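Letter by letter, the chains look like this.
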Amino acid sequence: MATTREIDTFLAGVERRAFKQAVYAVQDHHSALDVVQNAMMKLVERYGDRPAEELPPLFQRILQNAIHDHFRRSKVRDFWVRLVSPLRDKDDEHAETLESVAGAMEAPARENPEQRSVGNEHLALIEQALATLPARQRQAFLLRYWEELDVAETAKAMGCSQGSVKTHCFRAVAALATWLRDKGVTP
Amino acid sequence: MNEQEIIAYVRRALDEGARDLDGATVARLSALRHSALDRGQPRLRHHPGVLAWVQPRRAAVALALLVVLAFAGWQQARQAELARVVETDLSLLTGELPPAIYADRIFGLWLKGYRR
């Protein structure tokens with residue numbers, strides 16, 4: 001069974017990459033923090049009694065599920081918003097417009113810290129390249145090559161076959177190579 | 001660039017990106033971690049006892065099972081009662097005596113005396 005200190009050390013080592021993974025997936029700073037928080041909570045509350053060596057693949061699986069849950073909740077929320085929006089009167093619409101304008105004015109201030117930290121031109125290009133990948137290819141690439149899970153662990157985290165993981169990874173690498181070549185980037 | 005070079009290059013860049021996260025985000029992540037560990041402390045410290053079984057999901061399943069069993073029991077009792085009534089009615093209708101006799105006051109009095 002992992003001790004509190006071991007879990008703390010593990011999470012401290014993985015939290016930044018987990019956050020970046022969540023950002024790449026959900027494309028929003030605050031939602032990404034929520035996703036990471038949910039994943040951390042779940043790991044500690046439900047799997048805190050597991051041995052320390054089981055934590056990395058376990059956490060990645062939980063993180064992928066948390067990202068999946070985020071999209072599912074968004075879908076449900078969007079459905080209800082669409083359902084309710086025709087019932088709103090004009091005043092509400094105006095209020096919403098003002099709110100959205102205010103939100104839009106605040107938005108750059110919220111997103112800036114994340115963007116400011118990316119000073120590396122090449123990193124920005126690579127992040128753009130990752131953003132162009134289909135979600136499953138990006139997920140497979142990050143788990144397999146950034147988190148260094150093996151094919152079986154990646155397949156388990158993604159809930160697909162090992163063959164699919166290999167295909168996603170192959171296509172992701174090919175797409176990244178093409179993108180980088182087109183942008184004139186060489187390692 | 002071959003495949004390994006691309007992977008190594010992207011990894012290096014992503015590592016740098018994660019390392020250079022802004023201070024506010026790093027502090028927030030650290031706070032989230034501590035909050036998660038604090039909330040999970042009881043589970044980490046103590047071995048789960050008998051009460052660990054009493055989780056909301058399990059309790060809901062057990063409750064649903066009880067409701068289904070109770071409904072099945074009630075349904076079975078109702079069927080048995082219905083069968084008894086049908087049997088009585090059939091025996092009355094197919095008997096030698098006309099059904100009107102059972103509604104007669106004298107039959108009621110006789111029945112009371114017979115029971116005594």
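Model, not experiment: these values are computed from the prediction. (Residues numbered from 1 in each chain as written. Chains lettered and ligands numbered in written order. Predicted model: local features only at pLDDT ≥ 70, side-chain atom pairs only at ≥ 80, totals over all residues. Heavy atoms only, no water.)

1. Re the overall build of chain A
Here comes step 1: When its secondary structure is counted, chain A shows eight helices and zero strands.
Here comes step 2: When the elements of chain A are put in sequence order from the N terminus, they spell out α-α-α-α-α-α-α-α.
Here comes step 3: Sequence-distant contacts in chain A: of pairs separated by 6 or more residues, those separated by 24 or more amount to 67%.
Here comes step 4: Of the roughly 10,300 Å² that chain A leaves accessible, carbon and sulfur atoms contribute 52%. (Helix = DSSP H or I, 4+ residues; strand = E, 2+ residues; numbered from the N terminus. Contact = heavy atoms within 4.5 Å. Areas by Shrake-Rupley, 256 points an atom, 1.4 Å probe, with all protein chains shown as cover.)

2. What about the side chain of Arg33 of chain B?
Here comes step 1: Mapping Arg33 of chain B onto the fold places it in helix H2 (residues 23–45).
Here comes step 2: Polar contacts involving the side chain of Arg33 of chain B include one to the side chain of Asp8 of chain A, which spans 2.7 Å.
Here comes step 3: Those residues in contact with Arg33 of chain B that sit more than four places away from it in its chain are Asp8, Leu11, Ala12, Glu15 and Met40 of chain A. (Polar contact = N/O pair within 3.5 Å; in protein donor to acceptor, adjacent residues only side chain to side chain.)

3. Overview of the packing of aromatic side chains
Aromatic ring pairs are reported here in terms of the distance separating the ring centres and the angle at which the planes meet.
Here comes step 1: The final tally for this structure, using the stated rule, is seven aromatic pairs over all chains.
Here comes step 2: Here the aromatic rings of Phe141 of chain A and Tyr145 of chain A are separated by 5.2 Å at their centres, their planes lie at 65 degrees, and the arrangement is edge-to-face. Note that Phe141 of chain A and Tyr145 of chain A are positioned in helix H6 (residues 135–146) at a spacing of four residues, about one turn of the helix. Just as Phe141 of chain A is buried, Tyr145 of chain A falls in that class too.
Here comes step 3: A ring pair is formed by Phe71 of chain B and Trp74 of chain B, whose centres lie 5.9 Å apart and whose planes are at 40 degrees; its orientation type is tilted. Here the residue Phe71 of chain B and the residue Trp74 of chain B both occupy positions in helix H3 (residues 56–94), the gap between them amounting to three residues, near one helical turn.
Here comes step 4: Note on Trp74 of chain B: relative accessible area 48%, which makes it partly exposed. (Phe/Tyr/Trp six-rings, centres within 6.5 Å; stacked < 30°, edge-to-face > 60°. Buried < 20%, exposed > 50% of the residue type's maximum accessible area, 1.4 Å probe, protein only.)

4. Looking at the confidence of the model for chain A
Here comes step 1: Mean pLDDT over chain A stands at 81; residues scoring 70 or higher make up 81%.
Here comes step 2: The secondary structure element of chain A with the lowest average pLDDT is helix H4 (residues 90–117) of chain A, at 44, and the one with the highest is H6 of chain A, at 94. (pLDDT = per-residue confidence, 0-100.)

5. Thoughts on the side chain of Arg138 of chain A
Residues and elements named next belong to chain A.
Here comes step 1: Looking at where Arg138 falls in the secondary structure, it is placed in helix H6.
Here comes step 2: Of the buried charged residues, Arg138 lacks a salt bridge, with Glu127 as the closest side chain of opposite charge at 11 Å.
Here comes step 3: When residues no more than four places from it in sequence are discounted, the contact partners of Arg138 are Tyr24, Ala25, Leu130, Ala131 and Leu133. (Lys, Arg positive; Asp, Glu negative; His and termini not counted. Salt bridge = Lys/Arg side-chain N within 4 Å of Asp/Glu carboxyl O.)

6. Quick word on the interface of chain A and chain B
Here comes step 1: Taken together, the 43 residues of chain A in the interface contact 33 residues of chain B.
Here comes step 2: Each partner contributes to the roughly 3,800 Å² buried at the junction of chain A and chain B, and carbon and sulfur atoms together form 68% of this total.
Here comes step 3: Inspection of the chain A/chain B interface yields four salt bridges.
Here comes step 4: Among the ionic pairs, Arg33 of chain B bridges to Asp8 of chain A, the shortest N-O distance being 2.7 Å. (Buried area = accessible area lost by both parts, 1.4 Å probe.)

7. Quick notes on a nonpolar patch on the surface
Here comes step 1: A surface patch of nonpolar side chains, amounting to about 470 Å² of accessible area, comprises Val76, Phe79, Trp80, Leu83 and Val84 of chain A.
Here comes step 2: Owing to a relative accessible area of 44%, Leu83 of chain A belongs among the partly exposed residues under this scheme. (Patch = residues over 30% accessible without salt bridge, like charges linked within 9 Å, V, L, I, M, F, W, Y side chains within 5 Å.)

8. A closer look at unusual backbone geometry
Residue and element names in this part refer to chain A.
Here comes step 1: A positive phi angle, close to 60 degrees, is found at Gln27, a residue other than glycine.
Here comes step 2: Within the fold, Gln27 resides in the loop between helix H1 (4–26) and helix H2 (29–47).
Here comes step 3: Judged by its relative accessible area of 53%, Gln27 is exposed.

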